[in-house]
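# Observations on chain architecture
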Amino acid sequence: MTEPDTVVVPFDELPRLPVAGLRHSWHVHGPGDQFGTLNRLTGDVVAAAAGAVRTGERIGLSLPLGLPDPSFFGRQPPKHTVFPMWPGAWDDRLDGFYPQASSQWDGLRHIAAPDGFYGGWQGSPDADPGPLGIQHWARQGIIGRGMLIDLAAGGHDPFEVKAFSVAEVEAVLREQGSRLRLGDILCVRTGWMDSYLALDEQGRRELAERMADPLGYRCAGLSGSEEMSRFLWDSGAAAVTADNPAVEVVPVDREAGSLHLRLIPCLGFAIGELFDFAALAAACHRDGRYEFLFASVPLNLDGGCGSPANAVAIR
């Protein structure tokens, strides 16, 4: 990982990709970079993040691996088998395991721009496990100051189209008394996961049927606009996570654009989806304090396109 200056290269000074026409950061951390915005998690940044721990309260941010059930986007839940090794000893295995089926990270080989994957890599993820694989993130973990951005109190239906603007995000930060700083891991709560977990079995099955098509459902999320990507980049954030399936609003507004496309292949952002922030939000509102130490260790899986989140907040 590189050691960036405390001043982020301004978004409006980044060049545009010739085909996609979107601003990109492929030159910022040099050729062969594997970390993207996680480069912002320098030793000093992580050490400072430890100051967010006041009580030692620990709150898990990941769903059980078997949720959502049924799985979304044609994935399947893992089959867990427990079996004896010898008298008094047991082992277990997972079959049909999709690393991105539950609370998860999208890695830098998850999607490409028309110009290539992040950094300009032109390879094929199924042929070369080295470049941009999730193993690079696993070796140091994703650890920094977490900041809850609780958008769930706005009275919207998380299962309907609602594109949160930069102004709305900034308003919530002001209401919380929160200030962002370099290397923050943003935890965006839309209320989607709370609504999903409240569904009965039939409701979950019907939602999964609609979500067999990645664009066949509706959910509240961040706007896919250039303004949003500018805000996220210029804020100095190291990663963006959310409690919905895509971080951004779905369906994508074609005029605004795709936040996935802007963030992952163009800017090298680490983004996480399907996190569970309900318990964290309750604790933050209880104490009036929205910062915490965020710790996540992705799977050390060579060539992985993503990973379970394995995330915890330490307050």
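A few points on the structure. Since the model is a prediction, treat every value here as computed from it, not as a measurement. (Residues numbered from 1 in each chain as written. Predicted model: local features only at pLDDT ≥ 70, side-chain atom pairs only at ≥ 80, totals over all residues. Heavy atoms only, no water.)

### Describing the pattern of salt bridges
- Scanning all chains against the criterion turns up 17 salt bridges.
- The residue R139 makes a salt bridge to D302 at a minimum N-O spacing of 3.8 Å. Of this pair, R139 sits in the loop between α2 (135-138) and β5 (142-150) while D302 is found in the loop between β11 (291-296) and β12 (306-308), placing the two residues 163 residues apart along the sequence. The exposure classification of R139 matches that of D302, with both residues exposed.
- For the salt bridge of E168 with K162, the shortest nitrogen-to-oxygen distance reads 2.7 Å.
- We classify E168 as partly exposed; its relative accessible area is 29%.
- Residue K162 is classed as partly exposed on the basis of its relative accessible area of 25%.
- One network of salt bridges, in which partners are shared, links D12, R16, E226 and R230. (Salt bridge = Lys/Arg side-chain N within 4 Å of Asp/Glu carboxyl O. Helix = DSSP H or I, 4+ residues; strand = E, 2+ residues; numbered from the N terminus. Buried < 20%, exposed > 50% of the residue type's maximum accessible area, 1.4 Å probe, protein only.)

### Some remarks on the nonpolar core
- Formed by 68 residues in total, the largest nonpolar core has its most connected members in L222, L232 and F294.
- When neighbours within four sequence positions are excluded, L232 is seen to be in contact with R40, L186, L222, A237, V240, L259, L263 and F269.
- M211, Y217, C219 and L274 belong to the second largest nonpolar core, which has 14 residues in total. (Core = buried A, V, L, I, M, F, W, Y, C linked by side-chain atoms within 4.5 Å. Contact = heavy atoms within 4.5 Å.)

### Section: the pairing of strand β3 (residues 89-95)
- Strand direction decides the pairing type here: strand β2 (residues 79-86) and β3, joined by 7 bridges, are antiparallel. Across the sheet, the residue bridging to T81 is R93, located in β3.
- Between the antiparallel neighbours β2 and β3 lie 2 residues, among them G88 with a positive phi of about 85°. (Pairing = 2+ DSSP bridges.)

### Side note on the side chain of S102
- Checked against the element boundaries, S102 lands in the loop between β3 and β4 (104-106).
- What makes S102 buried here is its relative accessible area of 4%.
- Among the polar contacts made by the side chain of S102, one reaches the main-chain carbonyl oxygen of P64 at a distance of 3.1 Å.
- Here the side chain of S102 touches L67 through a polar contact of 2.6 Å, landing on its backbone oxygen.
- Non-local contacts of S102, meaning those with residues more than four positions away in its chain, are made with L63, P64, L65, L67, P68, E273 and L274. (Polar contact = N/O pair within 3.5 Å; in protein donor to acceptor, adjacent residues only side chain to side chain.)

### Description of the pairing of strand β7 (residues 185-189)
- Within β7, 5 of the 5 residues are buried, which leaves it mostly tucked inside the rest of the structure.
- Burial along β7 is two-sided: I185, C187 and R189 facing one way and L186 and V188 facing the other are all buried.
- Pairing between β5 and β7: 5 bridges, direction parallel. Bridge pairing links G146 to I185 in β7.
- As defined by bridge partners, β7 adjoins strand β9 (residues 239-242) across 4 bridges and the pair is classed as parallel. Among the inter-strand pairings, I185 is bridged to a residue of β9, identified as A239.

### Examining the environment of D33
- Counting through the fold element by element, D33 comes out in the segment before α1 (43-49).
- The buried category is assigned to D33, whose relative accessible area is 10%.
- Measuring from C-alpha to C-alpha, the distance between D33 and L151 comes to 33 Å, with 118 residues separating the pair along the chain.
- Leaving out residues up to four positions away in the same chain, D33 has contacts with N39, Y118 and L132.
- Of note is the side chain of D33, whose polar atom sits 3.0 Å from the side chain of N39.

### Let's talk about the packing of helix α6 (residues 226-234) against helix α7 (residues 259-266)
- Taken N-terminus to C-terminus, the directions of α6 and α7 make an angle of 40°; their axes are 9 Å apart at the nearest point. Comparing their axes, α7 and α6 come out oblique. α6 and α7 meet at a crossing whose hand is right-handed. Contacts between α6 and α7 involve E226, M228, S229 and L232 from the former and L259, R262 and L263 from the latter. (Axes fitted to C-alpha atoms, helices over the stretch in contact; angles between N-to-C directions. Parallel < 35°, antiparallel > 145°, perpendicular 65-115°, else oblique. Left-handed = near helix turned anticlockwise from the far one by under 90°.)

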